[in-house]
Amino acid sequence: MLYWLATLSDGGDFFNLFRYITFRAGGAFFTALIFGFMFGRPLIDLLRRKQKKGQPIRDDGPQNHFSKAGTPTMGGLLILAALVVGTLLWARLDNGYVWIVLAVTLGFAAIGFADDYAKVTKQHHAGLSGRVRLLIGLCISAGAAAAAAYMHPAALSGQLALPFMKDALINLGLLYIPFSVLVILGAANAVNLTDGLDGLAIMPVMIAAATFAVIAYMVGNANFANYLGVHFVPGTGELAVFVAALIGGGLGFLWYNAPPAAVFMGDTGSLALGGALGAIAVVTKHEIVLAIVGGLFVVEALSVIIQVLYFKRTGRRVFLMAPIHHHFEKKGWGEAQIVIRFWIIALVLALIGLATLKLR
């Protein structure tokens, strides 16, 4: 919205700054951050009054989790509100990629909200039907994938770019939509599975998002794309503004989610943020890089898949409890120890992901 102030510029004054993505990204970050600080406590108080007993705690979970009983959930609403305000104010609203990612984010947020609402009202950890979640998620992801394929340059539409290989493209053809759906849906659910400890999911999400802000900016700039040997996707640079708002809102949320958490993100936040990461990866043609940058989320999801499949086959468990962060809890690791170590892993993976921009 504020981008249009650039039309008031004669080329050398303050209004000219609104032409620059970096300036508007900074504005989006601070807008979302201040929004989070201002409205975090009122939102938590509102959620506490409405939910009363807060998020239900699993009976088979680690014993220390029972002390968290009564903590309200749906804190992802704070991130989303800050994100939407920051994006609408500072991003170019004539950019289709911004609307694709925003639609995916809000679509998965709606799924998560319905799931959280069901859990809170039933006071049971089983919320919305898995089939319903999957069906709606498939529709949202397929719509976003089709829109992205339509907007991509003709030479890149339906193509899969490979990291470390400058000119390599795999023509997926009709399989491109299903593949993109898998990326978006998989990212949403992987982040959702990671959100099990105070502060565990939000920091790796912000780290991965910051990495993709750099990727989106570089991919959307012809000079940088040519220098780094990545495929140029015009318009993706504007997603850096979206990501900046996400990080600002995320930090505002983390202020209240730091141990001991005053509020949980809930599926409202985790599904939305994971979906956003998946959508950005699809739009920027860096789907495989997401598996590297978001490797922590991949491991969390794989731990659940392995646990379920192995148990069905043998009646035994590979891990003491899945997702894998609960396994380490059962082994005696402290919550803060797990969270900080997982943050470190997320940061290392992000740096490896950034290295793919130049190692081509």
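Residues numbered from 1 in each chain as written. Predicted model: local features only at pLDDT ≥ 70, side-chain atom pairs only at ≥ 80, totals over all residues. Heavy atoms only, no water.

Break down the pattern of salt bridges for me, with residues and values.
Summed over the entire model, instances satisfying the criterion amount to 7 salt bridges. The partner of D94 in a salt bridge is R92, and the shortest N-O contact between them spans 2.8 Å. In this structure, K119 and D267 form a salt bridge, with 3.2 Å as the shortest nitrogen-oxygen distance. Taken together, the positions of K119 in helix 3 (residues 96-122) and D267 in helix 9 (residues 266-283) put the pair 148 residues apart, joining distant regions of the chain. The class of K119 is buried, set by a relative accessible area of 16%. Taking the relative accessible area as the measure of exposure, D267 reaches 7% and is therefore buried. (Salt bridge = Lys/Arg side-chain N within 4 Å of Asp/Glu carboxyl O. Helix = DSSP H or I, 4+ residues; strand = E, 2+ residues; numbered from the N terminus. Buried < 20%, exposed > 50% of the residue type's maximum accessible area, 1.4 Å probe, protein only.)

Just give me the short version of unusual backbone geometry, but keep the residues and values in it.
Omega for the peptide link from P259 to P260 comes to -10 degrees, which places this bond in the cis form. Here P260 lies in the loop between helix 8 (239-257) and helix 9. Cis geometry is adopted by the peptide bond preceding P323, which originates at A322 and carries an omega value of 0 degrees. Along the chain, P323 falls in the loop between helix 11 (295-314) and helix 12 (324-330). The backbone phi angle of M74 is positive, close to 70 degrees, even though this residue is not glycine. Take M74: it is sitting in the loop between helix 1 (21-51) and helix 2 (76-90). The class for M74 is buried, based on a relative accessible area of 6%.

Kindly report on a nonpolar patch on the surface, identifying the contributing residues and their values.
There is a patch of nonpolar side chains on the surface, built from V298, L302, I305, I306, L309, Y310 and V318 and spanning about 580 Å² of accessible area. Summarising the element assignment, L309 is placed in helix 11. Accessibility expressed as a relative area gives 55% for L309, which makes it exposed. (Patch = residues over 30% accessible without salt bridge, like charges linked within 9 Å, V, L, I, M, F, W, Y side chains within 5 Å. Areas by Shrake-Rupley, 256 points an atom, 1.4 Å probe, with all protein chains shown as cover.)

So what about the nonpolar core? Which residues, and what values?
Counting residues in hydrophobic clusters, the biggest one holds 106 residues, and the most contacted among them are V101, F108, I202, F212, L239, F242 and L246. It is helix 6 (residues 202-219) that contributes the most residues to this core, 13 residues altogether. Filtering out sequence-adjacent residues up to four positions away, F108 remains in contact with G137, I140, S141, I184, L185, A188, L271, A272 and G275. (Core = buried A, V, L, I, M, F, W, Y, C linked by side-chain atoms within 4.5 Å. Contact = heavy atoms within 4.5 Å.)

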